Amino acid sequence: MLESLRKNITIVGGCSMGALRASEMDRHGMIGVGKIYEWYRDGVIEDDDEVAVATNPDTYESISAPLVNIRCTFLSAMDEGIITSVQEALLLDIAKATHYSLRSYYGIIKSARDKGMLDEQTAVCLLGFCRDTEVDIKRKDALAVLSRIKELNL
């Protein structure tokens, strides 16, 4: 990648591992796009498991939720008054402690409920919110990458 950048080849990254790579290579000319790139660049997130998902080997569909989406969705739930900032932080701790391949809203919320961090009513409400209004920041950033490439006429 560095050799390509030295040859003035334009490389745009965002939405997933491209965002991580762009945060490492932007000083060498790589173009980073999107919220996830900004989070990596600014040190808000650091680990590659933030964007990792497990996929069905037959269909390539995601079978786990990426932590970046979980972060955004729980923040949105907090903004809507469904959970408190303390609950949001505890839920993120559970999500971070869960292997990326096993991350799901159901599993995280069930664990929080079982540990007494959420009451039954809040757990049910939060699960419905996550199911119906997940913030898919990876998708939003992927679309932003495509828009940026189009702007650059690549």
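Here the structure is shown first, and the text comes after it.
Residues numbered from 1 in each chain as written. Predicted model: local features only at pLDDT ≥ 70, side-chain atom pairs only at ≥ 80, totals over all residues. Heavy atoms only, no water.

### Some thoughts on unusual backbone geometry
Here is the rule we go by: Helix and strand definitions here come from DSSP, where helices need a minimum of 4 consecutive H or I residues and strands a minimum of 2 consecutive E residues; each element is numbered from the N-terminal end.
Despite not being glycine, Asn8 shows a phi value in the positive range, around 65°. In this model, Cys15 sits at a positive phi of 70°, which is unusual for a non-glycine residue. For Cys15, the location among the structural elements is in the loop between β1 (12–14) and α2 (17–25).

### Thoughts on the packing of helix α4 (residues 67–79) against helix α7 (residues 120–133)
Inclusion rule: For helices, the fitted axis covers only the stretch in contact; all axes are lines through C-alpha atoms, and the angles between them, taken along N-to-C directions, range from 0 to 180 degrees. Geometric relationships in this document are graded by angle, where less than 35 degrees denotes roughly parallel, more than 145 denotes roughly antiparallel, 65 to 115 denotes roughly perpendicular, and other angles denote oblique. The sense of a crossing depends on the near helix, which, turned anticlockwise from the far helix by less than a right angle, makes the crossing left-handed and, turned clockwise, makes it right-handed. Note on contacts: a residue pair is in contact if any heavy atoms of the two residues lie within 4.5 Å. Under the grouping applied here, Gly and all other residues not named as nonpolar or charged are polar, the nonpolar ones being Ala, Val, Leu, Ile, Met, Phe, Trp, Tyr, Cys and Pro and the charged ones Asp, Glu, Lys and Arg.
The geometry of α4 relative to α7 is characterised by a closest axis approach of 10 Å and an angle of 125° between their N-to-C directions. With respect to each other, α4 and α7 are oriented oblique. Where α4 crosses over α7, the two elements pack in a sense that is right-handed. Each of Thr73, Phe74, Ser76 and Ala77 in α4 lies in contact with α7, whose residues at this interface are Leu126, Phe129 and Cys130. Across the contact of α4 with α7, the residue classes tally to five nonpolar, two polar and no charged.

### Some points on the state of the cysteines
Stated formally: For this text, the term disulfide refers to a pair of cysteine sulfurs within 2.5 Å. For the exposure calls, accessible area comes from a 1.4 Å probe over protein chains only, and a residue counts as buried if that area is under 20% of its type's maximum, exposed if over 50%, partly exposed in between.
One pass over the full model with this rule turns up zero disulfides. Just so you know, Cys130 is unpaired, no disulfide at all, and the nearest cysteine sulfur is the one on Cys125, 9.6 Å from it. Here Cys130 falls in the buried class, since its relative accessible area comes to 2%.

### Structural notes on the nonpolar core
The nonpolar side chains of a soluble globular protein tend to be buried, and buried together. Rule in force here: Side-chain atoms within 4.5 Å are what join buried Ala, Val, Leu, Ile, Met, Phe, Trp, Tyr and Cys residues into a set we call a nonpolar core.
In terms of nonpolar packing, the biggest core is built from 20 residues, with Ile70, Phe74, Ile83, Leu91, Leu118 and Leu126 touching the most fellow members. Secondary structure elements with two or more residues in this core: α4, α5 (85–97), α6 (105–114) and α7. Each residue touching Ile83, except ones within four places of it in the same chain, is listed here: Phe74, Ala77, Met78, Glu88, Leu91, Leu118, Thr122 and Leu126.

### Brief notes about the side chain of Asp141
Where we set the bar: When charges are counted, neither His nor the chain ends are considered; positive counts come from Lys and Arg and negative counts from Asp and Glu. Each reported salt bridge corresponds to a side-chain nitrogen of Lys or Arg within 4 Å of a carboxyl oxygen of Asp or Glu.
Examined against the element boundaries, Asp141 turns out to sit in helix α8 (residues 137–152). Despite its burial, Asp141 pairs with no opposite charge, the nearest such side chain being Lys35 at 8.1 Å. When neighbours within four sequence positions are excluded, Asp141 is seen to be in contact with Cys15, Val33, Gly34, Lys35, Ile36 and Tyr37.

So yeah, pure geometry; function would need other evidence.
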